[in-house]
Amino acid sequence: MGGNEFVVVANRLPVDKVGDHYEVSPGGLVAALAPVLRSRGGCWVGWPGDTSSDLAPFTFDGISLVPVCLDQDDFEGFYEGFSNSTLWPLYHDLIVTPDYNQDWWERYVAVNEKFARATAETAAENATVWVQDYQLQLVPGMLRELRPDLTIGFFLHIPFPAPALFQQLPWRDEILAGLSGCDLIGFQRTTDEENFRLLTTNIRTGTFPISIDAEEIEQATESSISQLRTSLGDPKHVLLGVDRMDYTKGILQRLLAVEELLEEGLLDDVAVVQLATPSRERLGHYRKTRREVEEAIGRINGRFGEIGRPIVHYVHRGVAKDKLGVYYSAADIMLVTPFKDGMNLVAKEYVAAHPDGDGALVLSEFAGAAVELNQAYLCNPFDLGSIKSAIVAATEPDPARMRAMYDWVMEHDVTRWAHDFLEAL
Ligand code: GDG
């Protein structure tokens, strides 16, 4: 037993190793939980992000961090395998086919055990523990066994699938047993919560849509915006996509929609900026997604671009946070077209960058964000015609719609999300 009254357990620690030191990894979750961790004398249990280090607990920026070290086999079986090749596609409604592999499952159990043990050792008597996301669904049940005194919450950042899909999982009973160690499970949308409740009703659940650190989104200056637009050739319409390079995000579909609009002469004088952060690059489905996206970009530029003036401006690297803010501010139309997404914080960040009501958000109905941002230009990403119509409508946006969404996002930020969950817990 340790001395921490509040423990956050997440797959990743909120730090990245840069050279031989650590830096806080930017993200809303850290921003929301850091004040709670500091004021309640808490700690964060998680994996440091590489398989080489055997790291002792350390304090960073006033937060105590408890590393759970993973070796290469853990990384491949637990992380790349069961988490990202089984659960991720299954919970995103089989956009690609999940692989069911007994060895990966055994690694998932073993790694969840490591997390549960580290948490049990660090939590004070009667402490509150908040477990995050699909990688750690067995931790609540294991913790309940080790430490019956704890109050345990769990939040699922990704969707929860319909029972008919979930029941494919050979280890469905074990996952449900793991989650039933919780005092409260939080979901992004009521549909996720309802899907879960069709399987079991004796666990307390709630819907808590996650949000962003709205104050952190800085309004870009006029000069940085006009500089960016000039570098794009001063087009009439700047369209923007910002995503991890993931098959759930529908990046190819939005490019195909733009291509058809150009072909039909329904859109012109346009520049598309697609920022895509590299993600899970050793997995075949991710490599295929990247290949298809890059092929489409090449084809669109070849067909409709001019020398020195491509249609699609593409970056396959991480972009600095302040730079991202300039892109959000400069974009006339934000394209968020996932086939399925727990929430999609990019949609909320874009809205927060438009306090004056300018800009337009094209948003998939299948993103959790569509529940709150229902004033967006909604589309069905499985229907190219629907994406095309939403883009065309967004070229003449109604500022009242953006203003309403802006007010909503400013009121419902990530601090409120964390507060609401912890209150309920
Ligand atoms: C999962 C769920 C849910 C992206 N590129 C860069 C960059 N980003 C930042 C964005 C945003 C975050 O990454 C992405 O968050 P999303 O919510 O859009 O998507 P996932 O990574 O899939 O997150 C999702 C979320 O968890 C939270 O619960 O909303 O549904 O899938 O904040 O700004 N940041 C920087 N450079 C980049 O190039 N600095």
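The rules behind these values
Residues numbered from 1 in each chain as written. Predicted model: local features only at pLDDT ≥ 70, side-chain atom pairs only at ≥ 80, totals over all residues. Heavy atoms only, no water. Buried < 20%, exposed > 50% of the residue type's maximum accessible area, 1.4 Å probe, protein only. Helix = DSSP H or I, 4+ residues; strand = E, 2+ residues; numbered from the N terminus. Pairing = 2+ DSSP bridges. Domains from an automatic or database assignment. Contact = heavy atoms within 4.5 Å. Buried area = accessible area lost by both parts, 1.4 Å probe. Salt bridge = Lys/Arg side-chain N within 4 Å of Asp/Glu carboxyl O. Polar contact = N/O pair within 3.5 Å; in protein donor to acceptor, adjacent residues only side chain to side chain. Nonpolar A, V, L, I, M, F, W, Y, C, P; charged D, E, K, R; others polar. Axes fitted to C-alpha atoms, helices over the stretch in contact; angles between N-to-C directions. Arc of directions from axis to C-beta. Near = heavy atom within 4 Å.

So, the pairing of strand 4 (residues 42–47)
Across the 6 residues that make up strand 4, a large majority, 6, are buried. A two-sided burial pattern is seen for strand 4, the buried positions comprising Gly42, Trp44 and Gly46 on one face and Cys43, Val45 and Trp47 on the other. Judged from the 4 bridges that link them, strand 4 and strand 6 (residues 63–67) form a sheet pairing that is parallel. What sits directly across from Gly46, in strand 6, is Pro67.

Observations regarding the domain arrangement of the protein
Domain boundaries in the protein define domain 1 (4–207) and domain 2 (218–411). Each side of the interface is counted separately: domain 1 has 21 residues, and domain 2 has 19 residues. For the pair domain 1 and domain 2, the summed buried area comes to about 1,600 Å², and 59% of that belongs to carbon and sulfur atoms. In terms of surface lost to domain 2, no three residues of domain 1 exceed Trp88, Ile95 and Arg189, which account for 37% of the buried area on that side. Our count for the contact surface shared by domain 1 and domain 2 stands at 3 salt bridges. Among the salt bridges present, the one from Arg282 reaches Glu76, with a minimum N-O distance of 3.2 Å. Applying the counting rule to domain 1 against domain 2 returns 8 residue pairs in polar contact (both at pLDDT 80 or more). Tallied by class, residues from the side of domain 1 that touches domain 2 come to 10 nonpolar, 7 polar and 4 charged.

A few points about the sheet that holds strand 14 (residues 333–336)
Neighbouring strands of a sheet are bound in pairs by backbone hydrogen bonds; such pairs are parallel or else antiparallel. Strand order in the open sheet formed by 6 strands is 13-12-11-14-15-16, with parallel pairing between adjacent strands. Only two strands of the sheet have a single partner each, and these edge strands are strand 13 (312–315) and strand 16 (377–379). The sheet shows a mean angle of 20 degrees between the axes of neighbouring strands, taken without regard to direction. When strand 11 (residues 237–244) meets strand 14, the two strands line up parallel, connected through 2 bridges. Among the inter-strand pairings, Leu239 is bridged to a residue of strand 14, identified as Ile333.

With respect to helix 6 (residues 172–179)
Because the α-helix completes a turn every 3.6 residues, residues three or four places apart line up on one side. Buried residues of helix 6: Ile175, Leu176, Gly178 and Leu179, and no others. When helix 6 is viewed along its axis, its buried side chains cluster within an angular range of 155 degrees and face the same direction.

Concerning the site of the ligand
Not every one of the 20 residues close to the ligand is listed here, only the nearest: His157, Val319, Asp341, Met343 and Glu349. The separation between an oxygen atom of the ligand and a polar side-chain atom of Arg244 is 2.8 Å. Backbone polar atom of Gly342 to an oxygen atom of the ligand: 3.0 Å apart, as the coordinates give it. Mapped onto the shell around the ligand, the elements with two or more residues apiece are strand 11, helix 11 (321–330) and helix 12 (345–352). Each of two domains, domain 1 (4–207) and domain 2 (218–411), supplies a minimum of three residues to the shell around the ligand.

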